[in-house]
Amino acid sequence: MRRPTIADIAQRAGVSKGAVSYALNGRPGVSAATRARVLAIADEIGWRPNLAARSLSGARADAVGLVVCRPARFLGVEPFFMELISGIESELAAGSRALMLQVVADHEAEIAVYRRWWGEGRVDGVILVDLHVADPRVPVVERLGMPAVVVGHPSGAGSLPAVWSDDAAVMREVIEYLAALGHRRVARVAGLPGLLHTSIRDRAFAEACAALELDGSPVAHTDYTGEEGARATRRLLSSRARPTAIVYDNDIMALAGLSVAQEMRLDVPAGLSIVAWDDSPLCRVVRPPLTALTRDTPACGARAVQRLLHLVDGGEPACVEDPVARLLPRGSTAPAP
């Protein structure tokens, strides 16, 4: 879990520390091939120039990193991330530690941030969010030896500890609830298809609908925004086999779906039942209030920090399973028409 040093580069390259110093500082005294090999190894293990002094002093950054690979405008309207960050901050503030937050466009940029933060000693570790299927960030973080905790399912976290909850069990509960209300045509407006939790929910949704012998069960993948949620809802409600219930992967899309139903003169819940995956104050102030799945997201953020600081202090990695989300029926669900 320690940061890389010039000695580590020298050992890997099979040269002296002096030769590594020459190569890294662009000084004569080493061959072009040795210089290229040294620079490649330094980049691979995340070394940065000011690292040696920090390693000698044994100083910590007293900061935790969080990189979000989504449009910056998305964070301002997404209650889940705001609640997660609030939980992270509350736990860090108790120990006078800071949160380093950066928004990036893709995983390549995110990995570059991790290399820079770790090499320059800016953070003591990071929290990874939005785990993807075959996520390229996981093996890079493992090779860097940087303490890290994943907020997501352990199946995609590699050797990294995960803080997670059972989305599959929750999805089954939702579909069984809607089926008990008599709904035979249930649709889902989902998030990004590459995300691991989307894949888990997709599979659980399909299996639950098949087990209950429901009709159809279409899934529309979106980018989590209200615009895409509204567009997907219009397509579903304009289809010949119009669903009588729709499950949305977040509250923003569920609210957009409610607006589309009203726009199309479709009564909620008499003509359409709506379930939002994330609960928030927005779900409770609209009319009708939305049936939603509620969980303690700030507590999840706090637990992720606790696990990470445990690693930073030399503790063993261990996954933590959060309580499953609870279904809160409200005015947006009713017996099928």
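Residues numbered from 1 in each chain as written. Predicted model: local features only at pLDDT ≥ 70, side-chain atom pairs only at ≥ 80, totals over all residues. Heavy atoms only, no water.

**Brief notes about the overall build of the protein**
Of the regular secondary structure elements, the protein holds 14 helices and twelve strands. Taken over the C-alpha atoms alone, the protein extends approximately 80 × 40 × 35 Å along its principal axes. Across the 337 residues of the protein, 52% fall into the buried class. Total accessible area computed for the protein in this model is approximately 14,500 Å², and 54% of it derives from carbon and sulfur atoms. (Helix = DSSP H or I, 4+ residues; strand = E, 2+ residues; numbered from the N terminus. Buried < 20%, exposed > 50% of the residue type's maximum accessible area, 1.4 Å probe, protein only. Areas by Shrake-Rupley, 256 points an atom, 1.4 Å probe, with all protein chains shown as cover.)

**Some thoughts on the pattern of salt bridges**
Tallied over the full model, the rule gives 15 salt bridges. The residue Arg137 makes a salt bridge to Asp135 at a minimum N-O spacing of 2.6 Å. Its relative accessible area of 1% is what places Arg137 among the buried residues. When the shortest N-O distance is used, the salt bridge between Arg188 and Asp249 registers 3.1 Å. Of the two residues, Arg188 is situated in strand E6 (residues 186–190) and Asp249 in the loop between strand E8 (245–248) and helix H12 (251–263); the sequence distance between them amounts to 61 residues. (Salt bridge = Lys/Arg side-chain N within 4 Å of Asp/Glu carboxyl O.)

**Description of the sheet that holds strand E2 (residues 98–103)**
An order of E2-E1-E3-E4-E5-E11 is seen for the six strands of this open sheet, with the pairing classed as parallel. With partners counted over all chains shown, the strands left at the sheet margins are E2 and strand E11 (320–321), one partner each. Two strands pair when backbone bridges link them, and strand E3 (residues 125–128) and strand E4 (residues 148–151) are joined in this way by three bridges, in the parallel orientation. Within the sheet, the bridge partner assigned to Leu128 lies in E4 and is Val150. Running at roughly 155° to E2, helix H6 (residues 79–94) makes contact with strand E1 (63–68), E2 and E3 of the sheet. Sheet strands touched by helix H7 (residues 107–119): E1, E2 and E3. Its angle to E1, the strand with the most contacts, is close to 165°. (Pairing = 2+ DSSP bridges. Contact = heavy atoms within 4.5 Å. Axes fitted to C-alpha atoms, helices over the stretch in contact; angles between N-to-C directions.)

**Digging into the sheet that holds strand E12 (residues 326–328)**
Backbone hydrogen bonds are what pair the strands of a sheet, in a parallel or an antiparallel way. Read across the open sheet, the six strands follow the order E7-E6-E8-E9-E10-E12; overall the sheet is mixed. Bordering the open sheet on either side are strand E7 (219–221) and E12, each of which pairs with just one other strand. When strand polarity is set aside, the average angle formed by the axes of neighbouring strands in this sheet is 20°. Judged from the three bridges that link them, strand E10 (residues 291–294) and E12 form a sheet pairing that is antiparallel. Opposite Thr294, over in E12, you have Arg326 as the bridge partner.

**A word on the side chain of Ser280**
With respect to the helices and strands, the residue Ser280 is situated in the loop between strand E9 (273–276) and helix H13 (281–285). Among residues more than four places away in sequence, those in contact with Ser280 are Pro79 and Asp251.

**Remarks on the state of the cysteines**
Scanning the entire structure with this criterion turns up zero disulfides. We note that Cys283 lacks a disulfide partner, and the nearest cysteine sulfur, in Cys300, lies 18 Å from it. (Disulfide = S-S within 2.5 Å.)

**Regarding the nonpolar core**
Grouped together as the largest cluster of nonpolar side chains are 43 residues, with contacts concentrated most on Tyr114, Val126, Leu128, Met146, Val174, Ile175 and Val186. Looking at this core, the elements with two or more residues in it are H7, E3, helix H8 (137–144), E4, helix H9 (167–180), helix H10 (196–211) and E8. It is H9 that contributes the most residues to this core, seven residues altogether. Apart from residues no more than four positions distant in its own chain, Val126 is found in contact with Gly65, Tyr114, Trp117, Met146, Pro147, Ala148, Val149 and Leu308. Counting 27 residues, the second largest nonpolar core, distinct from the first, contains Tyr248, Ala254, Ile274 and Ala292. (Core = buried A, V, L, I, M, F, W, Y, C linked by side-chain atoms within 4.5 Å.)

**Quick notes on H10**
A rise of 1.5 Å per residue sets the reference length of H10, with its 16 residues, at 22 Å; its end C-alpha atoms lie 23 Å apart and thus fit the reference within 8%. What H10 keeps buried is the set Leu196, Thr198, Ile200, Arg201, Asp202, Ala204, Phe205, Ala208 and Cys209. Its buried side turned inward, H10 meets H9, E6 and E7. Where H10 terminates, the next one or two residues include Glu213, which has phi positive at roughly 55°. (Expected span 1.5 Å × (residues − 1).)

**Looking at the side chain of Thr333**
The residue Thr333 is located in the segment after E12 in this model. On the accessibility criterion, Thr333 (10% relative accessible area) is buried. Here Thr291 takes part through its side chain, which lies 2.7 Å from a polar atom of the side chain of Thr333. Excluding residues that lie within four positions of it along the chain, Thr333 makes contacts with Tyr177, Leu178, Leu181, Pro269, Ser273, Ile274, Val275 and Thr291. (Polar contact = N/O pair within 3.5 Å; in protein donor to acceptor, adjacent residues only side chain to side chain.)

**A closer look at the packing of H6 against helix H14 (residues 297–312)**
The N-to-C vectors of H6 and H14 enclose an angle of 45°; their axes lie 7 Å apart at closest approach. One element, H6, and the other, H14, form an angle in the oblique class. Between H6 and H14 the crossing geometry is right-handed. Contacts between H6 and H14 involve Phe80, Glu83, Leu84, Ser86, Gly87, Ile88, Glu91 and Leu92 from the first element and Thr297, Pro298, Cys300, Gly301, Ala302, Val305 and Gln306 from the second. Considering only residue class, the contact of H6 with H14 consists of eight nonpolar, five polar and two charged. (Parallel < 35°, antiparallel > 145°, perpendicular 65-115°, else oblique. Left-handed = near helix turned anticlockwise from the far one by under 90°. Nonpolar A, V, L, I, M, F, W, Y, C, P; charged D, E, K, R; others polar.)

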